[in-house]
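One letter stands for each residue in the lines below.
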Amino acid sequence: MTIRTSEKRSFLPKDFWSHIFIWVLILFTLFPIYVVITSSFNPTGSLATSELWPKLWSLDNYKVLFTLESVPYLTWVKNSMIIASINAVISVFIGAASAFAFSRMRFKGRKFGLQALLLVQVFPSFLALAAIYVMMEHVYTVFPVIGLGSLGGLLLIYLGGSMGVNAWLLKGYIDTIPMELDEAARIDGASTFQVYWLIFFPLAAPVLAVTALLSFIGTFNEFVLASLFLQDINSRTVAVGLQQFVGQQFGQNWGPFAAGSLLAAIPLVAIFLSMQRFIIGGLTQGATKG
Amino acid sequence: MNKKRFGVVGFVAAAALAVSGLAVPTANAANTIVVWADEQRGPQLEKLIEGNKTIAPGYTIQVKYFSALDALQSAWDKSTAAGGPDIITGPASFASQGAKSGKLARLGASATITNSIPKAGLSAMTYSKGLYGVPLDVDTTAFLWNKTLFGADAPATFADMVSYYTTNKSAKGLTGGICAFEGTWGSHAVLTALGGGAWALNKNGTANMNTVALNSKTFKANVKKYLLDSSGKSTGFFQWDGCGDAFKAGKIPFAITGAWNFDGIEKAGVKFGLGATPGLTSSTKGAQWVNYSGAFLTSYAASHGVSLGANKVMKWFASEAGQAKMSALSGRPPANTAAAGAVTNPSTLGVAKAALTGTPQISPALDNKTGGSNWYDVLGGVYTDIFTKGKSVDATLDAAAAILAKNFANYATNG
Amino acid sequence: MYRLAGFTGLPAQILKMGLMALIDSFLIWMFFAALAKESTPLSVVIACVFIAANFVYFAKFTLPLKFLLPGMILLLTFVLVPLVYTVTMSGFNYRTGNEISKDAAIEQIIANGLAPDANNTGYDMTLGKFEGDWSALLLEQGTAKVYLATPKEVKEITSGFEANEYGIPNTYPGFSEVTPDDASTQEAAIVALKFPLGQGQFIAPQALDFAALLTQAMSYDEATDTLTNNSTGATYKPNDEGNFVNINDPTDKILPGWRAWNIFRNYTHLLTDPVVRGPFIGVFIWTISFAFLTVLSMFSVGLLLAIVLNRKIKLRRFYRSVLILPYAIPSFMSILIWAGMFNRQFGAINALFGTQIDFMNSPTLAKMVILIVNLWLGFPYFYLICSGALQAIPAELEEAASLDGASTSQILRRIKLPLLLQILSPLLIASFAFNFNNFNIVYLLTGGGPTDVLAGKAAGATDILITYTYKTAFGSNEQNLGLASAISVLIFFIVGGLSLWSLRRSKVLDTF
């Protein structure tokens, strides 16, 4: 039996280099976030760029978010949460179903479909907004509930793009789930749907959680389409609502924007923390050992 | 199996037909005049005219506003008669763009409008001899000086500013002399103070588009004299890129900016005075850009069947009463002459006074890039080359003027 | 036995029938609603969805489609349609001045062609009905003459009328004033009113209380599709670029024009115009290098991080939460913060080191700045997907290899990395494609610069194809959306081709 000689005596604590690497990254990561935090407390409204420890501190910017009647911040957060969560859930379902079909089934047009999905994501969309706007203007005249200016219509547009992104994202992971599981289940008499719901879904939970999280954050921070679409002040999302502080030609007021973004980032990080359980994984390994 | 399927289909069809009796919620009621605005003017207009029945009797006014000017511009570009506004408010550049594309309708230049609004404001809204909008208020910058650093009175001449800077630079740790908060757009006052600028002005104040004032002999000499040191490098007096925080921190004594920044400057604790940019002598001043924002009547109003009512609203926008109310909420100097005379707010007055020494901003000319780049990019290149890289003043300005000449000539012929 | 989800037999059948019944009735309702509002495109779309849904979910052999249909419908509507729209628009002359439809343009030209007379004569007006016809009592501004105007004639009246306090006449025998509420519902009739004055002149209401003297300068003949300028006599016919031009002088064109099919002129313009074509190669090379380098850097850092955090080191959860933060902050604010930090005189980076390095004005440094900031923005995403992928690699492979005596780094290189690449290559390709078109980072951070504007250069050192396109087609008060579409199609062929080629090479499509 070979004796492993890879254990070296070391004067450094365990995982020393790992910690160093992480801390370098953390400093790199946190520096701009530190600027965001200081800007949120800076009453002059600028993105303090040169002073490391600002001289002025005040809670004005946070107060603006909760007292101005032209800033219904909590409504915006609610709208963002609703649309981001619905989008995350439905797009995960759509993505999982599509990825399952592309990965497990053989049908005419499968390769073509996969390539088409990739190509469609690649197209530079200068006029996409114009086309969607005109379409939804028309839809508004017939169905105002899902037309221009409605959260429902915006959700539909986000879902439209979700298949392309998520199918590819998930297909690679699904390919690694061994076919033996499927075959074992079918021998037991399961239909394709049952394989999908009862076997595949639980196994892919970590990846689905990651997809849902990415989709959630993406929707939360999206503002180009949303600012075009959501005109009424009470239907805006956080990203759109905060634009009013910095979208002007001159006189951007970064204070409330930074404050609003920080507050909105808290639920995002909280959701991520709660999903860490899934991302840690271990479910896959359990199933294949049997 | 087939019978069952027919049964299901039958049930479904019956249900659907029953449900289709339900009415679909409708969109806008007739006789609504929709006004679009950006995130600043929108809430103000909402307070003033939303739901108002006296401005245009028989019509309802609805104000819709976007979260940012970019969003407004973007939606306006994409709008069609199906969902477009009847009136839109925005910067003066909307006039030429909208006229060319046919989205704006010509306004009848009634006597009431022409008599109550100065020529400069009206010409900013004119394209190809047609009036397309009503100027609402003035968009311009003013000169500020830090009273704690420099003193209670404004500097008399440009030379005074420069000498203050050179004398106190190391003692007070100054990082600059004058800060143009808004970059190349805001720095025009400095250019004109030193004898330069975009184009020369005729005696009657109109722009002479055949000349470029940027490479005049006087300007070249003055740049070397006041802004560069003996070896041709920048003295650091002229700042235009990211210097706002330094002014707010008291490290730069003078600045050029507009009312939108006054709040932040006050909060930073700087006590400042307002005025016009000092020129070379005590009686000459630098001329900054004066832009207008206006309200425009769209051609969609006619297709929506509300053009007469929209005309009435436009009349309100041009009236003294309307402009006075809007100015009170926005803090910006109104365009209407009578309303402007009645302003009492001191910082609004300060900006209004500065506007008197300004030069009208002809956006289509400044944005034109036939020569390769537009005015703002060319100026940015000039500043970088001269002040950051230390290149030759004469050569740089001549190269810039060559590009600008093409731009202005193209604007003069095509508009 | 019939099965659906976890149910079998009758409950499953009922569930399926119930769901389909619900969806079908909803679709039928929408169809009728669309018909009621006379919207042909919507009715057609809804009908297609209805047919497709019922066919797919009730037939036996359409199993893959049952999974794919919802996503496909959404994709077709919201992604494919705009794509087709862009491609179509690339064949049109679609720019500032040529945006609306031809009918709308003609209407506008006629409306603009109403010229006031030399004195800008205006009238204060009271609108009403006289002997059954629309008519108006007019007070001419300046001369104070009073007129009664009917669609047949305009005659001056000197007596019989009463005026209000401003001197505007508002009563006359036989004349009844119209109330504002009434008038607001009959706008169409009022706007079309023309009270004739003879010699091509007429008085038209401009508002409910104001009328102006106008001459019709432009008239349109539908039969011959010609515009005639009544005062100069010039005739205008449409050219094939969407404008009416003087038949004697093609450069004399009338604005507004309309969107017109100009075949492939946008493409030929692209290929022949030196302004667009000149910097193309340089920009293209940088775009590819940027996309490649940035994906490489983000992937390396993300993978390293995933490996490190996969092990049970202390503070693992804390590290994870902190390192996800760049992803949770809106990128457009973070990019601007980074831009400020790199400022030569006032930026934090130079302040930290006490230097005055001009990051934004040096081509190489600016490129480095973009890569650094994009790394900051992107490594959390790559960390997430790499960690997911690492989880997906069965642990028994690693156990088997270490039993055979392989070291950690050997396992990494020989087993994990190839598997990772296989799982992730579509994502890497997609990330490459995304960064190829990553407008935001370049535009917000450096604006595409530094550009040597004074030397006549059009493209900056950090311009990628899409920002260069944006600058070419937009800005300067003149948008050229047809040209932008043509460039988009071109970019698509390039990057789509590259992506397809790398996809085929990676053999991802042939997995198991």
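Along every chain, residues carry numbers that run from 1 in the direction the sequence is written. Ligands are numbered from 1 and chains lettered from A, in the order in which they are written. Reporting in this predicted model follows two pLDDT cut-offs: at least 70 for local features of residues, and 80 or more for side-chain atom pairs to be given and counted; totals over whole chains, interfaces and linings ignore these cut-offs and use all residues. Note that the side-chain values use all heavy atoms of the structure and ignore hydrogens as well as water.

Asker: What am I meant to see in the overall build of chain A here?
Answerer: A run of H or I in DSSP counts as a helix once it spans at least four residues, and a run of E counts as a strand once it spans at least two, with each numbered from the N terminus. From N to C terminus, chain A includes 13 helices and 0 strands. Ordered by position from N to C terminus, the α and β elements of chain A give α-α-α-α-α-α-α-α-α-α-α-α-α. Relative accessibility under 20% of the residue-type maximum defines a buried residue, over 50% an exposed one, and the middle range a partly exposed one, all with a 1.4 Å probe and only protein chains included. For chain A, the proportion of its 290 residues judged to be buried stands at 59%. Of the contacts formed within chain A by residues at least 6 apart in sequence, a portion of 68% connects residues at least 24 apart. Summing over all exposed atoms, chain A offers an accessible surface of approximately 12,200 Å²; the carbon and sulfur share of this is 69%. We call two residues in contact whenever any of their non-hydrogen atoms come within 4.5 Å of each other. Computed by Shrake-Rupley with a 1.4 Å probe, the accessible areas treat only the displayed protein chains as cover when residues are assessed.

Asker: Quick question: what am I supposed to make of the overall build of chain C here?
Answerer: For chain C, the helix and strand inventory stands at 19 helices and 22 strands. Atoms counted for the radius of gyration: C-alpha only. Globule rule: 2.2 Å times residue count to the power 0.38. Taken against the 2.2 N^0.38 rule, which gives 24 Å for 512 residues, the C-alpha radius of gyration of chain C at 35 Å runs more than 25% over that of a compact globule. Each principal axis of the C-alpha distribution contributes one length, and for chain C these read about 115 × 75 × 50 Å. Counting all 512 residues of chain C, 52% fall into the buried class. Residue pairs at least 24 apart in sequence account for 56% of intrachain contacts in chain C once pairs closer than 6 positions are excluded.

Asker: Is there a simple way to think about the sheet that holds strand 19 (residues 244–246) of chain C in this case?
Answerer: For sheets, the rule is that strands pair by backbone hydrogen bonds, running either parallel or antiparallel. All names here are of chain C. Strands qualify as paired when DSSP identifies two bridges or more between them. The antiparallel open sheet is built from 5 strands, whose spatial order is 16-17-18-19-20. Looking along the sheet, the strands with just one partner apiece sit at the ends: strand 16 (218–221) and strand 20 (249–254). Across this sheet, the average inter-strand angle for adjacent strands is 35°, counted without regard to direction. As defined by bridge partners, strand 19 adjoins strand 20 across 3 bridges and the pair is classed as antiparallel. Among the inter-strand pairings, Asn246 is bridged to a residue of strand 20, identified as Asp249. Working convention: axes come from line fits to C-alpha atoms, limited for helices to the stretch in contact. Angles between N-to-C directions cover 0 to 180 degrees. Lying over the sheet, helix 4 (residues 102–112) contacts strand 16, strand 17 (226–229), strand 18 (235–238), strand 19 and strand 20, oriented at roughly 145° with respect to strand 16.

Asker: How should I be thinking about the domain arrangement of chain C in this particular structure?
Answerer: Here the limits of each domain have been adopted from an automatic or database domain assignment. The assigned domain composition of chain C is domain 1 (2–71), domain 2 (114–216) and domain 3 (273–511). On a C-alpha basis, the centres of domain 1 of chain C and domain 2 of chain C stand 60 Å from each other.

Asker: When you look at the side chain of Gln216 of chain C in this model, what are you seeing that I'm missing?
Answerer: Among the secondary structure elements, Gln216 of chain C is positioned in strand 15 (residues 210–216). Among the residues examined, Gln216 of chain C registers a relative accessible area of 19% and is labelled buried.

Asker: Mind showing me how you'd approach the packing of helix 9 (residues 280–310) of chain C against helix 16 (residues 408–436) of chain C here?
Answerer: If you want to describe how two helices pack, look at the angle between their axes and the distance between the axes. Residue and element names in this part refer to chain C. Following both chains from N to C, one finds helix 9 and helix 16 inclined at 140°, their axes separated by 10 Å at the closest point. For the element pair helix 9 / helix 16, the angle class is oblique. Note that helix 9 runs across helix 16; the crossing there is right-handed. Every residue of helix 16 that contacts helix 9 at Phe284, Thr287, Ile288, Phe290, Ala291, Phe292, Thr294, Val295, Met298, Phe299, Leu303 and Ile307 is listed here: Leu412, Leu417, Leu420, Leu421, Leu424, Leu428, Ser431, Phe432, Asn435 and Phe436. A breakdown of the residues in the contact of helix 9 with helix 16 according to their chemical character gives 18 nonpolar, 4 polar and no charged. Should an angle lie under 35 degrees it is considered roughly parallel, over 145 roughly antiparallel, and from 65 to 115 roughly perpendicular; all remaining angles are considered oblique. Helix crossings fall into two classes, left-handed where the near helix is turned counterclockwise from the far one by less than a right angle and right-handed where it is turned clockwise. Three residue categories are used. Nonpolar comprises Ala, Val, Leu, Ile, Met, Phe, Trp, Tyr, Cys and Pro, charged comprises Asp, Glu, Lys and Arg, and polar comprises the others, including Gly.

Asker: Mind showing me how you'd approach empty space enclosed by the protein here?
Answerer: Buried and open spaces are told apart on a 1 Å grid over the protein atoms alone, a cavity being a set of points where a 1.4 Å probe fits but cannot get out and a pocket being an open set with protein on both sides within 12 Å along at least five of seven lines. Residues with an atom within 4 Å of a point are the lining residues. Grid points are joined across faces, edges and corners, and a volume is the space filled by probe spheres set on the points. Scanning the entire structure with this criterion turns up 6 cavities of 30 Å³ or more. In this model, the largest cavity occupies a volume close to 120 Å³. Lining the largest cavity are 15 residues, and of these Tyr173, Leu203, Ala204 and Val207 of chain A together with Ala392 of chain C sit closest to its centre. Contributions of two or more residues to the lining of the largest cavity are made by helix 6 (151–176), helix 8 (192–203) and helix 9 (205–221) of chain A together with helix 14 (363–392) of chain C. It is helix 6 of chain A that provides the largest number of residues to the lining of the largest cavity, a total of 4 residues. The space that makes up the second largest cavity amounts to roughly 100 Å³. As for the second largest cavity, its lining consists of 15 residues, of which Asn221, Val238, Ala239 and Ser261 of chain A together with Pro330 of chain C are closest to the centre. Elements represented by at least two residues in the lining of the second largest cavity include exactly helix 9, helix 11 (238–246) and helix 12 (254–280) of chain A. Taken together, the residues of the lining of the second largest cavity break down into 12 nonpolar, 3 polar and no charged.

Asker: Mind showing me how you'd approach the interface of chain A and chain C here?
Answerer: Interfaces are often sized by the amount of accessible area the parts lose when they come together. Contact residues are listed per partner, giving 106 residues for chain A and 115 residues for chain C. Summing the contributions of chain A and of chain C, the shared interface buries around 9,800 Å²; its carbon and sulfur component is 78%. Values labelled buried area give the accessible surface lost by two parts on being combined, using a 1.4 Å probe and summing over both. Looking only at chain A, the three residues that lose the most surface to chain C are Phe123, Phe126 and Leu127 of chain A, adding up to 8% of its buried area. Pairs of N or O atoms within 3.5 Å make up the polar contacts considered here, provided that, within protein, one atom can donate a hydrogen while the other can accept it, and that residues adjacent in sequence are counted only when both atoms are side-chain atoms. Here chain A is connected to chain C by 7 residue pairs in polar contact (both at pLDDT 80 or more). Considering each element in turn, the side of chain A that touches chain C owes the most residues, 15 residues, to helix 1 (residues 16–40) of chain A. Its residues assigned to classes, the side of chain A that touches chain C shows 69 nonpolar, 28 polar and 9 charged.

Asker: What is the right way to look at the pattern of salt bridges in this model?
Answerer: Working definition: two side chains of opposite charge can pair if their charged atoms are close together. Here, a salt bridge means any side-chain nitrogen of Lys or Arg that lies within 4 Å of a carboxyl oxygen of Asp or Glu. Going through the model one piece at a time under the given rule, you end up with 15 salt bridges over all chains. Here Asp240 of chain C and Arg265 of chain C are joined by a salt bridge, their closest N and O atoms 3.5 Å apart. Note that Asp240 of chain C is positioned in the loop between strand 18 and strand 19 and Arg265 of chain C in helix 7 (residues 265–272), a separation of 25 residues in sequence. For the salt bridge of Arg265 of chain C with Glu241 of chain C, the shortest nitrogen-to-oxygen distance reads 2.3 Å. Residue Arg265 of chain C is found in helix 7, and its partner Glu241 of chain C is found in the loop between strand 18 and strand 19; the two are separated by 24 residues along the sequence. Three or more residues joined by partner-sharing salt bridges are found here, namely Arg41, Asp137, Asp139 and Arg332 of chain B.

Asker: I keep staring at helix 3 (residues 69–78) of chain B and nothing clicks. Help me out?
Answerer: Among the 10 residues of helix 3 of chain B, 7 are classified as buried, and the element is accordingly described as predominantly covered. Within the span of helix 3 of chain B, buried status applies to Leu69, Ala71, Leu72, Ser74, Ala75, Trp76 and Lys78 of chain B. On its buried face, helix 3 of chain B sits against helix 5 (128–142) and helix 10 (224–229) of chain A together with strand 1 (32–37), strand 3 (87–91), helix 4 (93–101) and helix 14 (300–304) of chain B.

Asker: What is the right way to look at the nonpolar core in this model?
Answerer: One broad rule of soluble globular proteins: the nonpolar side chains tend to lie buried together. For our purposes a nonpolar core is just a set of buried Ala, Val, Leu, Ile, Met, Phe, Trp, Tyr and Cys residues, chained together by side-chain atoms within 4.5 Å. Within the largest apolar cluster, 271 residues are counted, with the highest numbers of intra-cluster contacts made by Ile87 and Phe317 of chain B together with Leu424 of chain C. It is helix 14 of chain C that provides the largest number of residues to this core, a total of 15 residues.

Asker: What should I look at first to understand the sheet that holds strand 12 (residues 254–257) of chain B in this one?
Answerer: All names here are of chain B. The strand order across the open sheet built from 5 strands is 11-8-12-7-13, with neighbouring strands paired in mixed fashion. Either end of the sheet is taken by a strand with one partner, and the two such strands are strand 11 (238–239) and strand 13 (272–275). Here 2 bridges tie strand 8 (residues 178–180) to strand 11, and the two strands are oriented parallel to one another. Paired with Ile178 across the strands is Phe238, a residue of strand 11.

Asker: Even after reading the chapter, I still don't get unusual backbone geometry, so can you show me in this structure?
Answerer: Residues and elements named next belong to chain C. Of note, the amide linkage connecting Leu255 to Pro256 takes the cis form, showing an omega dihedral of 5°. Inspection of the secondary structure assignment puts Pro256 in the loop between strand 20 and strand 21 (257–258). Here the residue pair Gly449 and Pro450 is connected by a cis peptide bond, since its omega of -5° sits within 30 degrees of zero. On the secondary structure map, Pro450 appears in the loop between helix 17 (439–445) and helix 18 (465–473). In the Ramachandran plot, Glu131 falls in the positive-phi region, its phi being about 55° despite a non-glycine side chain. Within the secondary structure, Glu131 is located in the loop between strand 6 (122–130) and strand 7 (133–140).

Asker: Before we go on, may I ask you to explain the state of the cysteines in this structure?
Answerer: Each disulfide consists of one covalent bond between the sulfur atoms belonging to two cysteines. Residue and element names in this part refer to chain B. A pair of sulfur atoms, both from cysteines and within 2.5 Å, is called a disulfide here. Taken as a whole and assessed by the stated rule, the structure comprises 1 disulfide over all chains. Here Cys179 connects covalently by a disulfide to Cys243, the sulfurs 2.0 Å from one another. Because the sign of the S-S torsion sets the handedness, a value of about 80° for the bond joining Cys179 and Cys243 places this disulfide among the right-handed ones. Remark: Cys243 occurs in the loop between strand 11 and helix 12 (244–248) and Cys179 occurs in strand 8; sequence separation between them is 64 residues. On the accessibility criterion, Cys179 (0% relative accessible area) is buried. Classification of Cys243 by relative accessible area gives buried; the value is 1%.

Asker: I keep staring at a nonpolar patch on the surface and nothing clicks. Help me out?
Answerer: All names here are of chain A. Grouping into patches uses exposed residues only, defined as over 30% relative accessible area, and leaves out salt-bridged ones; the cut-off is 9 Å for like charges and 5 Å for nonpolar side chains (Val, Leu, Ile, Met, Phe, Trp, Tyr). On the surface, a cluster of nonpolar side chains totalling about 590 Å² of accessible area is made up of Ile82, Ile86, Val89, Ile90, Phe93, Trp197 and Leu198. Broken down by secondary-structure element, the contributors of at least two residues to the nonpolar patch are helix 3 (73–104) and helix 8. Along the chain, the position of Trp197 falls in helix 8. Overall, Trp197 belongs to the partly exposed group, its relative accessible area being 36%.

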